[in-house]
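What the coordinates show
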Amino acid sequence: MTTPTSTTPGPPQSLADLPTRLPQRRELLTEVPGPASRELAQRRAAAVPSSAVSVMPVYVADADGGVIRDVDGNSFVDLGSGIAVTSVGASDPAVVTAVAEQVAHFTHTCFMVTPYQGYIEVAEELARLTPGEHAKRTVLFNSGAEAVENAVKIARLATGRQAVVAFDHAYHGRTNLTMALTAKSMPYKTNFGPFAPEVYRMPMSYPYRDAHPKISGKTAAKRAINQMEKQIGASSIAAILIEPIQGEGGFIVPAEGFLPTLADWAQKHGVVFIADEVQSGFCRTGDWFASQNEGVVPDLVTMAKGIAGGMPLSAVTGRAELLDAVHPGGLGGTYGGNPVACAAALAAIKTMKDHDLAGRARAIEALVLPRLRTLADELGTDQGPIGDIRGRGAMLALELVKPGTTEPDPETTRAVAAECLAQGVLILTCGTYGNVIRLLPPLVISQELLEDALGVLENALRRHSITGGEG
Ligand SMILES: *Cc1c(COP(=O)(O)O)cnc(C)c1O
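The shown structure was predicted, so the numbers you read here are calculated from the model rather than taken from an experiment. (Residues numbered from 1 in each chain as written. Predicted model: local features only at pLDDT ≥ 70, side-chain atom pairs only at ≥ 80, totals over all residues. Heavy atoms only, no water.)

1. Observations regarding helix H3 (residues 93-105)
Between its first and last C-alpha, H3 extends 19 Å over 13 residues, near the 18 Å set by a 1.5 Å rise per residue. By the burial criterion, the buried members of H3 are Val95, Ala98, Val99 and Gln102. With its buried residues spanning 100° around the axis, H3 presents them on a single face. Counted as exposed and oriented over 90 degrees from the buried face of H3: Pro93, Glu101 and Ala104. Considering only its buried residues, H3 is in contact with helix H10 (339-354). (Helix = DSSP H or I, 4+ residues; strand = E, 2+ residues; numbered from the N terminus. Expected span 1.5 Å × (residues − 1). Buried < 20%, exposed > 50% of the residue type's maximum accessible area, 1.4 Å probe, protein only. Arc of directions from axis to C-beta. Contact = heavy atoms within 4.5 Å.)

2. Structural notes on the sheet that holds strand E13 (residues 425-426)
Across the sheet, which stays open at both edges, the 4 strands sit in the order E1-E2-E3-E13 with mixed pairing between neighbours. With partners counted over all chains shown, the strands left at the sheet margins are strand E1 (60-64) and E13, one partner each. Here E1 pairs with strand E2 (residues 67-70) via 4 bridges, running antiparallel. Among the inter-strand pairings, aspartate 64 is bridged to a residue of E2, identified as valine 67. (Pairing = 2+ DSSP bridges.)

3. Looking at the sheet that holds strand E5 (residues 163-167)
The strand order across the open sheet built from 7 strands is E4-E10-E9-E8-E7-E5-E6, with neighbouring strands paired in mixed fashion. Every interior strand has two partners, whereas the edge strands, strand E4 (136-141) and strand E6 (199-202), have only one. Within this sheet the neighbouring strands show an average axis-to-axis angle of 20°, counted without direction. Here strand E9 (residues 300-303) runs beside strand E10 (residues 314-319); their pairing, made up of 4 bridges, is antiparallel. When the bridges of E10 are listed, threonine 302 appears paired with valine 316. In this fold helix H4 (residues 117-129) packs onto E4, E9 and E10, with an angle of close to 130° to the strand it touches most, E4. Set on the sheet, helix H5 (residues 144-159) makes contact with E4, E5, strand E7 (237-242), strand E8 (272-276), E9 and E10; between it and E10 the angle comes to about 25°. (Axes fitted to C-alpha atoms, helices over the stretch in contact; angles between N-to-C directions.)

4. Side note on the packing of aromatic side chains
In total, this model carries 7 aromatic pairs according to the counting rule given. Each ring, one from phenylalanine 111 and one from tyrosine 119, has its centre 3.6 Å from the other, and the planes form 10°; the classification is stacked. Given the relative accessible area of 23%, phenylalanine 111 is considered partly exposed. For tyrosine 119, a relative accessible area of 8% corresponds to the buried category. Through successive ring pairs, a cluster of aromatic residues spans Phe106, Phe111, Tyr116 and Tyr119. One cation-aromatic arrangement involves lysine 189 over phenylalanine 195; the distance from NZ or CZ to the ring centre is 5.2 Å. (Phe/Tyr/Trp six-rings, centres within 6.5 Å; stacked < 30°, edge-to-face > 60°. Lys NZ or Arg CZ within 6 Å of the ring centre and 35° of its normal.)

5. Here's the deal with the site of the ligand
Inspection of the region around the ligand gives Ser143, Gly144, Ala145, Tyr171, His172, Gly173, Glu243, Asp276, Val278, Gln279 and Lys305 as its neighbouring residues. Between the ligand and the protein, one listed contact pairs an oxygen atom with a backbone N or O atom of glycine 144 at 2.8 Å. The separation between an oxygen atom of the ligand and a polar main-chain atom of alanine 145 is 2.8 Å. When the free accessible area of the ligand is taken as 380 Å², the share hidden by the protein chains comes to 82%. For the shell around the ligand, a count of residues per class yields 3 nonpolar, 5 polar and 3 charged. (Near = heavy atom within 4 Å. Polar contact = N/O pair within 3.5 Å; in protein donor to acceptor, adjacent residues only side chain to side chain. Areas by Shrake-Rupley, 256 points an atom, 1.4 Å probe, with all protein chains shown as cover. Nonpolar A, V, L, I, M, F, W, Y, C, P; charged D, E, K, R; others polar.)

6. Here's the deal with the environment of isoleucine 237
Within the element layout of this structure, isoleucine 237 appears in strand E7. Considering only alpha carbons, one finds isoleucine 237 and alanine 155, 82 residues apart in sequence, at a separation of 9.5 Å. Apart from the residues within four sequence positions on either side, isoleucine 237 is in contact with Arg161, Ala163, Val165, Met228, Ile232, Trp265 and Val271.

7. Looking at the pattern of salt bridges
For the coordinates displayed, the defined rule picks out 18 salt bridges. A salt bridge links aspartate 452 to arginine 26; the shortest N-O distance between them is 2.7 Å. With a gap of 426 residues between them, aspartate 452 in helix H13 (residues 447-463) and arginine 26 in the segment before helix H1 (35-47) connect regions that are remote in the sequence. Under the relative-accessibility criterion, arginine 26 is labelled partly exposed at 29%. A salt bridge links arginine 371 to glutamate 458; its shortest N-O distance comes to 2.7 Å. (Salt bridge = Lys/Arg side-chain N within 4 Å of Asp/Glu carboxyl O.)

8. What about the packing of H4 against H10?
Axis separation between H4 and H10 bottoms out at 8 Å; the angle between their running directions is 35°. The way H4 lies across H10 gives a crossing that is left-handed. Along the contact surface, H4 presents Gly118, Tyr119, Glu121, Val122, Glu125, Leu126 and Leu129, while H10 presents Cys342, Ala345, Leu346, Ile349 and Lys353. Of the residues belonging to the contact of H4 with H10, the class tally is 8 nonpolar, 1 polar and 3 charged. (Left-handed = near helix turned anticlockwise from the far one by under 90°.)

9. Some remarks on the state of the cysteines
Between two cysteines, a covalent bond joining their sulfur atoms is known as a disulfide. Here the structure, examined in full by the defined rule, presents 0 disulfides. Cysteine cysteine 283 shares no disulfide, and the gap to the nearest cysteine sulfur, in cysteine 342, comes to 18 Å. Relative accessible area serves as the criterion here: at 1%, cysteine 283 is assigned to the buried category. (Disulfide = S-S within 2.5 Å.)

10. A short note on the domain arrangement of the chain
When cut into domains, the chain gives domain 1 (21-91 + 357-467) and domain 2 (95-354). Between the C-alpha centres of domain 1 and domain 2 there is a distance of 26 Å. The interface of domain 1 with domain 2 comprises 41 residues on the first partner and 33 residues on the second. With both sides pooled, the region where domain 1 packs onto domain 2 buries about 2,900 Å², and carbon together with sulfur makes up 57% of that total. For arginine 438, the salt bridge goes to glutamate 248, with nearest N and O atoms at 2.9 Å. At the junction of domain 1 with domain 2, the criterion picks out 19 residue pairs in polar contact (both at pLDDT 80 or more). Looking at the side of domain 1 that touches domain 2, the elements with two or more residues in it are helix H2 (81-84), helix H11 (357-379), strand E11 (386-392), strand E12 (395-400) and strand E15 (436-439). (Domains from an automatic or database assignment. Buried area = accessible area lost by both parts, 1.4 Å probe.)

As structure tokens, then:
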């Protein structure tokens, strides 16, 4: 097996305060939602369909560092980063300056028509940052789903094979092909079919739910490999597509050995190994990419979310021979690699390096995990609601279950998240069973703000254990 290339994680660094524009504190001036947010909600109901839901009932006026300020002047601690996007903060000064400078010159020319330097620089940077020392090429798009679709197109063309393997609990997007690749029906797929063919789903390694009997990473990989060989046949498989840490599916960290065993099998059988790092990439898990944790070198990496400080950009980076196999004009799009988004990406990546945001992600893990484990001990497994604590870096989660069981508890999960919001802490949930609280703070968050938000979460969890926080 090959070794990681880009960075070697050092010890966690501190969460020293970084300069910010907005005061970094939680402050509620009105009820939540306040009058200005309620008025926007009313206008929204007449203009936006109810299918496009928002998790939070408050409307944003400003955001900076670890704080989101709403239109009523309330300041919330942001533990979601717009779903792992604003890792450098929602108005990182370097991103703001780079975007303003680029906008003043040209907003768009279309890379397929009149190319520009920023696109090349992003491609060069991604070749350096992604795992592996092999020759690489990069194509840029707008969304994570678009990157995944294109990675599959590349793998199919390069191999001349059709089958694509995805996993239980996977999330890869909402376009037709990526809906097929996504596991969960409601709300992502229900009644939106027919779906793209030649997608096969394999069992994931899910340590919390593979505990009795305990299934090792290697065994879980062999279970999937056995199914692939029997149900599809290795020589028909174009690609294995996997999130190294699953996102929407519940922040599931596969058992050690699972990813390398799959990657080795893929290599042996000419199957393209695609790591979907859309959520786990760009310092989120304490390294540039989550694949690096076990030294996995994917053939293709899909990236989006954290890549460009909030501007829409996505990428496929991978082996030169795979990307170069595609005929001229076979990959592209009007906006793909937009120059403003490229400028933002270069600035965001520079901020990640300048402030060692991977180190900050490890510091966030070092602060949060022990506190959550202490709380779980205090509450005890028989009292609920904490069944599992997991994650890496600043991609951390709590799986909530009914007291004394492993039965998912989505109601309590929703109630805990709502209670945090009412106290001024934005928290997201996820999971196939809707019972996972996920913590995705901006990596620039200050220690004080993070500890304050954790206190709110801990108290909400205490109130929802059957001891009511008394025991
Ligand atoms: C969010 C996500 C996607 C889809 O990205 P969009 O930008 O919403 O299309 C794909 N894969 C993973 C792992 C994601 O988390």
